[in-house]
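# Examination of the molecular architecture
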Amino acid sequence: MGTVDADRWRVADALRDSAYFDGGYMNANQYGAGVLRADVALGLLGPTEPGNRNVDVPVTAQSSGDSGVATDTLDLLLGTSGGFEITGLRAGSYTITADVSRSGNQLSGSATITLNEGQRAA
């Protein structure tokens, strides 16, 4: 078997191994081995098995002299989150940071917001 054939089989195996199947709502006659998850095949964050699609994400708000921490839940199958709330922050500019790591893969992001007195950020 040549190098091209070996590479083709490695790619096929990685794609097949990334398939996500949840018997709770998927029918094998319609989904076969499951839904191809290229994100997982490429080593990115994604669900690897039923019941393992949600991950808790620590969220931090930081400014000079004031900070807060919360937890958000990220659905790796749908790419949605439930939202979070940090209370007790004073008016000012904050850097909001979220970091999650799973199976050696990391996803992180940050944003800057400014809160006025009595304001809530959505």
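The structure contained in this document is the topic of the report that follows. (Residues numbered from 1 in each chain as written. Predicted model: local features only at pLDDT ≥ 70, side-chain atom pairs only at ≥ 80, totals over all residues. Heavy atoms only, no water.)

## Some words on a nonpolar patch on the surface
On the surface, Val11, Leu15 and Leu36 cluster together into a nonpolar patch covering about 250 Å² of accessible area. Mapped onto the elements of the fold, Leu36 is located in the loop between helix 2 (28–31) and helix 3 (38–41). (Patch = residues over 30% accessible without salt bridge, like charges linked within 9 Å, V, L, I, M, F, W, Y side chains within 5 Å. Areas by Shrake-Rupley, 256 points an atom, 1.4 Å probe, with all protein chains shown as cover. Salt bridge = Lys/Arg side-chain N within 4 Å of Asp/Glu carboxyl O. Helix = DSSP H or I, 4+ residues; strand = E, 2+ residues; numbered from the N terminus.)

## Digging into the environment of Arg90
Position of Arg90 relative to the elements: it lies in the loop between strand 3 (80–81) and strand 4 (92–102). Overall, the relative accessible area of 51% leaves Arg90 in the exposed class. Taking C-alpha positions, Arg90 is 9.2 Å from Ser67, a pair spaced 23 residues apart along the chain. Within the structure, Arg90 has its side chain in polar contact with the backbone oxygen of Gly65 (distance 3.0 Å). (Buried < 20%, exposed > 50% of the residue type's maximum accessible area, 1.4 Å probe, protein only. Polar contact = N/O pair within 3.5 Å; in protein donor to acceptor, adjacent residues only side chain to side chain.)

## Brief notes about the sheet that holds strand 2 (residues 66–75)
The five strands lie next to each other as 3-2-1-4-5, forming an open sheet whose pairing is antiparallel. Of all strands in the sheet, those with a lone pairing partner are strand 3 and strand 5 (105–115), marking the two edges. (Pairing = 2+ DSSP bridges.)

## Thoughts on the layout of surface pockets
In this structure, the second largest pocket encloses a volume near 220 Å³. Forming the boundary of the second largest pocket are 15 residues, of which Val57, Val59, Asp72, Ala98 and Gly109 lie nearest the centre. Of all the secondary structure elements, the ones that give two or more residues to the lining of the second largest pocket are strand 1 (54–63), strand 2, strand 4 and strand 5. Among the elements that line the lining of the second largest pocket, the one with the most residues is strand 4, at five residues. Among the residues forming the lining of the second largest pocket, the class breakdown is eight nonpolar, five polar and two charged. (1 Å grid on protein atoms, 1.4 Å probe; cavity = no way out; pocket = protein on both sides within 12 Å on 5 of 7 lines; lining within 4 Å. Points joined across faces, edges and corners; volume = space filled by probe spheres on them. Nonpolar A, V, L, I, M, F, W, Y, C, P; charged D, E, K, R; others polar.)

## Thoughts on the nonpolar core
Counting seven residues, the largest nonpolar core is built from Val59, Ala61, Ala70, Ile86, Tyr94, Ile96 and Leu115. Within the residue set of this core, elements represented by two or more residues are strand 1 and strand 4. When sequence neighbours within four positions are dropped, the list of residues in contact with Val59 reads Gly68, Val69, Ala70, Asp72, Phe84, Ile86, Ile96, Thr97 and Ala98. Among the nonpolar cores identified, the runner-up in size contains six residues, and Leu45, Val55, Val57 and Leu76 belong to it. (Core = buried A, V, L, I, M, F, W, Y, C linked by side-chain atoms within 4.5 Å. Contact = heavy atoms within 4.5 Å.)

## Quick word on the side chain of Arg37
Mapped onto the elements of the fold, Arg37 is located in the loop between helix 2 and helix 3. Reaching out from Arg37, the side chain makes a polar contact with the backbone oxygen of Leu77 at a distance of 3.3 Å.

## Quick word on the environment of Ala12
Looking at where Ala12 falls in the secondary structure, it is placed in helix 1 (residues 3–17). Residue classification places Ala12 among the partly exposed positions, given a relative accessible area of 24%. Considering only alpha carbons, one finds Ala12 and Ala70, 58 residues apart in sequence, at a separation of 40 Å.

Any link to function would need more than the numbers given here.
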